[in-house]
Amino acid sequence: MEALADRLKVMVQIFRRECHRVLQSERTTIHGADDMLMLLQLAMAEVNKQHGGEFKVALSDVLMAWKHLLLDKLHLTPPDSARLGNYDLILEAYEAFLKRSNAVDLVDILSMYKQLRLVDSDPEEPVSPIQLFEFLSGNMEVSELPDSSVPTTPSSQSRPCGSQVKRAVRKVFCSYLNLLVNTKNDMALALTLDVPSRALGQQAFTDIKHAARDNNTSLFLAVTSFVRAIQLGGKGYAPAESDPLRKHVKGLSDFVQFLDNLEEILGEIPDPSVCGARLVAAIRAALVKGRSSGDAVYAAAEETAKELKERICQLHQIQKQAANGSGTGISPARPKAYTINHATAYGGRDTVKVLMALLDEEALTPLCQNKADLLSEDQPVLSGAEGTCVLTLFRSPEVSTGCSPEPLRSRVQSRLDLLKPKAKDRVIRSQFACTYKDEELPLNRVLEFPSSSQVPTCVHPAPKAKNIPVLDEEECSSAVEETTTAKPTSECPNKEASGVQRGAALGQRSGNTQNRGAEPGKRKKSGSRMQSKSNKRKQVDSDQHGGSENEPPKKKQPISVSVKMPVKASSKKQQLIAGQGKLTSFFRV
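Residues numbered from 1 in each chain as written. Predicted model: local features only at pLDDT ≥ 70, side-chain atom pairs only at ≥ 80, totals over all residues. Heavy atoms only, no water.

K.L.:
Residue-level account of the overall build of the chain, with values.
P.N.:
Of the regular secondary structure elements, the chain holds 24 helices and 2 strands. Looking at the 589 residues of the chain, the share that counts as buried comes to 36%. Put simply, of all contacts in the chain between residues at least 6 apart along the chain, 71% involve residues at least 24 apart. Looking at the chain as shown, the accessible area adds up to about 36,700 Å², and 54% of this sits on carbon and sulfur atoms. (Helix = DSSP H or I, 4+ residues; strand = E, 2+ residues; numbered from the N terminus. Buried < 20%, exposed > 50% of the residue type's maximum accessible area, 1.4 Å probe, protein only. Contact = heavy atoms within 4.5 Å. Areas by Shrake-Rupley, 256 points an atom, 1.4 Å probe, with all protein chains shown as cover.)

Below is the structure:
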């Protein structure tokens, strides 16, 4: 009796040979047991979000729906337990995801086998529905018997799921190879978008998902079209500045550039063994970059790359023997007339055959025994700070409702931290500090230490420096006696003090120190000129106060002192000439 694994391989090979008769694309990929269970989890979470508002699903509900799904698609007797309320919607979402991803599952292959097989040469039914149900449920131990012509390798045997890191790393390798064969596979893109780290987390994946939904395209096409428009579109065709993907230009460009490098290797190297080894080596180099040899991811990547290279060489040898023995070989990638990248379509055709055979074998891997680890959101960390969980990526981030999720104490403390005055660092200046602009002094220093310009020098505005009269004490006393109106004796000291202040202020402003050392002859001339000018001013003042004898004494006007702006000097028209005061008092009488 043949092993179940060999019969499953025969079923998949016949499907791959004849799939062009029932499918539109010959690069349709196959979802294995693990991918089917993860896809069912996504479908159930999507239905729950449409009805309950949360993109979540319990593990027990997933396992119950998994059992119902397998029995329903295999047309077996349903279990005694009742179905979930939204089972029909879940099944519809599951099939819609498969169709968008250009993929089929193992149950679909079994259902199409009767239509695709050749009556004369192919077996009637390699696998029964009950056997396939037991295989997909994980209840049957698969003892694989390898071909006698192919040496035994670790990849050809049943791989236990004990190492989560090993399983996650192998899934990343296969997802990159899957994107080279089928670019519509959204799950493969989700597993490779941020591995290695490109700063493309949940928010970036959500923006890509929205862009793909708006344009009715796959996730990969949404990413590549955006990057191509940025690189080659120019002003007229470049995306708008408000496009959400603009925030992730660098990461998306790196992702597309890496896939372009893989496509270039696929199209340039005609030998499938060499080309496959180069592809695996490029993926390994990206995963182990920046990691030490003792890292778990580094060790898993090294081991997985070695296994995949050996298996690619073996599959190439098998396909060469099959092509030499019979005229009709497996042709999964016939070139189309409308193919754009002719180098990839023609040059890498044999390599694509080998890659699809490798991915088909990966789809026949038994279901992981620990389903909780497979469906858990706590996945091994391959890059960044978190592991790549498909359910978390497809879940849209929560939109802020305006309420802060932080507790009150944290919000108050953050507010107090903002209000605290920050210590200003002293600037270390160089020897050319004179070129820097001096900082403004604080207000208290300006008020406590005023400059000479802020102190009022006198009541009246100071005249020009050339016409400054110097009054002695005798002249001041004689001027007081001539006035008819009695004035307080403190006016002369005020004048004297104001004169001192004015002289000091003017002396500081002028800064002319040469007058101190002038000759005595010049000093005498300047003294005589000042004396004549003071006599004229005395006469004018006596004339002004002479006509006020018949008038009552007036109150002294308050002296207004202005700090900022000096009082404007009175014009010459307001000054009285000699004798004008007497005439005015005469005409008043």
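There is more to say, and it comes next.
K.L.:
Explain the pattern of salt bridges to me, and be specific about the residues and the numbers.
P.N.:
Overall, the coordinates contain 20 salt bridges when judged by the stated rule. A network of salt bridges, in which partner residues are shared, links Lys166, Arg170, Glu303, Glu307 and Glu362. (Salt bridge = Lys/Arg side-chain N within 4 Å of Asp/Glu carboxyl O.)

K.L.:
So what about the nonpolar core? Which residues, and what values?
P.N.:
Counting residues in hydrophobic clusters, the biggest one holds 117 residues, and the most contacted among them are Trp66, Leu132, Leu136, Phe173, Leu252, Phe255 and Leu279. In terms of residue count, the dominant contributor to this core is helix α2 (residues 33-52) (11 residues). In contact with leucine 132, other than residues within four places in its own chain, are Leu8, Leu74, Leu106, Val107, Leu110 and Val127. (Core = buried A, V, L, I, M, F, W, Y, C linked by side-chain atoms within 4.5 Å.)

K.L.:
So, the side chain of aspartate 122: which residues are in play, and what are the values?
P.N.:
Inspection of the secondary structure puts aspartate 122 in the loop between α5 (106-116) and α6 (129-137). Polar side-chain contacts of aspartate 122 include one of 2.7 Å to the side chain of arginine 17. Within the structure, aspartate 122 has its side chain in polar contact with the backbone nitrogen of leucine 118 (distance 2.7 Å). Those residues within four positions of aspartate 122 in sequence are excluded, and the remaining contacts are Ile14, Arg17, Tyr113 and Arg117. (Polar contact = N/O pair within 3.5 Å; in protein donor to acceptor, adjacent residues only side chain to side chain.)

K.L.:
Pulling in residues and values, what's your account of the packing of aromatic side chains?
P.N.:
With the rule as written, the count across this model stands at 3 aromatic pairs. Ring pairing ties together the aromatic residues Phe97, Phe205 and Phe394, which thus form one cluster. (Phe/Tyr/Trp six-rings, centres within 6.5 Å; stacked < 30°, edge-to-face > 60°.)

K.L.:
Please give an account of the confidence of the model for the chain that cites residues and values.
P.N.:
Of the residues in the chain, 63% reach a pLDDT of 70 or more, and the chain-wide mean stands at 74. In the model, residues 143-162 has pLDDT below 50 throughout and makes 30 contacts with residues more than four positions away in sequence or in other chains. Scored below 50 in pLDDT, residues 337-345 makes 9 contacts in the model with residues more than four places away or belonging to other chains. (pLDDT = per-residue confidence, 0-100.)

K.L.:
Hey, could you go over the packing of helix α3 (residues 59-73) against α6 for me, with residue numbers and the actual values?
P.N.:
Orientation of α3 relative to α6, taken along the N-to-C sense of each, is 155 degrees, at an axis distance of 10 Å. The angle between α3 and α6 places the two elements in the roughly antiparallel class. Crossing hand, α3 versus α6: right-handed. Taken together, the residues of α6 that come into contact with α3 (itself represented by Trp66, Lys67, Leu70 and Leu71) are Phe133, Leu136 and Ser137. (Axes fitted to C-alpha atoms, helices over the stretch in contact; angles between N-to-C directions. Parallel < 35°, antiparallel > 145°, perpendicular 65-115°, else oblique. Left-handed = near helix turned anticlockwise from the far one by under 90°.)

K.L.:
Pulling in residues and values, what's your account of a nonpolar patch on the surface?
P.N.:
Together, Leu408, Val412, Leu416 and Leu419 give the surface a local cluster of nonpolar side chains, amounting to about 390 Å² of exposed area. By the secondary structure assignment, leucine 408 is in helix α19 (residues 408-419). Note on leucine 408: relative accessible area 58%, which makes it exposed. (Patch = residues over 30% accessible without salt bridge, like charges linked within 9 Å, V, L, I, M, F, W, Y side chains within 5 Å.)

K.L.:
Pulling in residues and values, what's your account of the environment of aspartate 72?
P.N.:
If you trace the backbone, aspartate 72 turns up in helix α3. By relative accessible area, aspartate 72 is classed as partly exposed at 27%. Spatially, the C-alpha atoms of aspartate 72 and leucine 91 are 9.8 Å apart, while their sequence positions differ by 19 residues. Not counting the four nearest positions on each side in its chain, aspartate 72 is found in contact with Arg83, Tyr87 and Leu91. Only 3.1 Å separates the side chain of aspartate 72 from the side chain of tyrosine 87, close enough to count as a polar contact.

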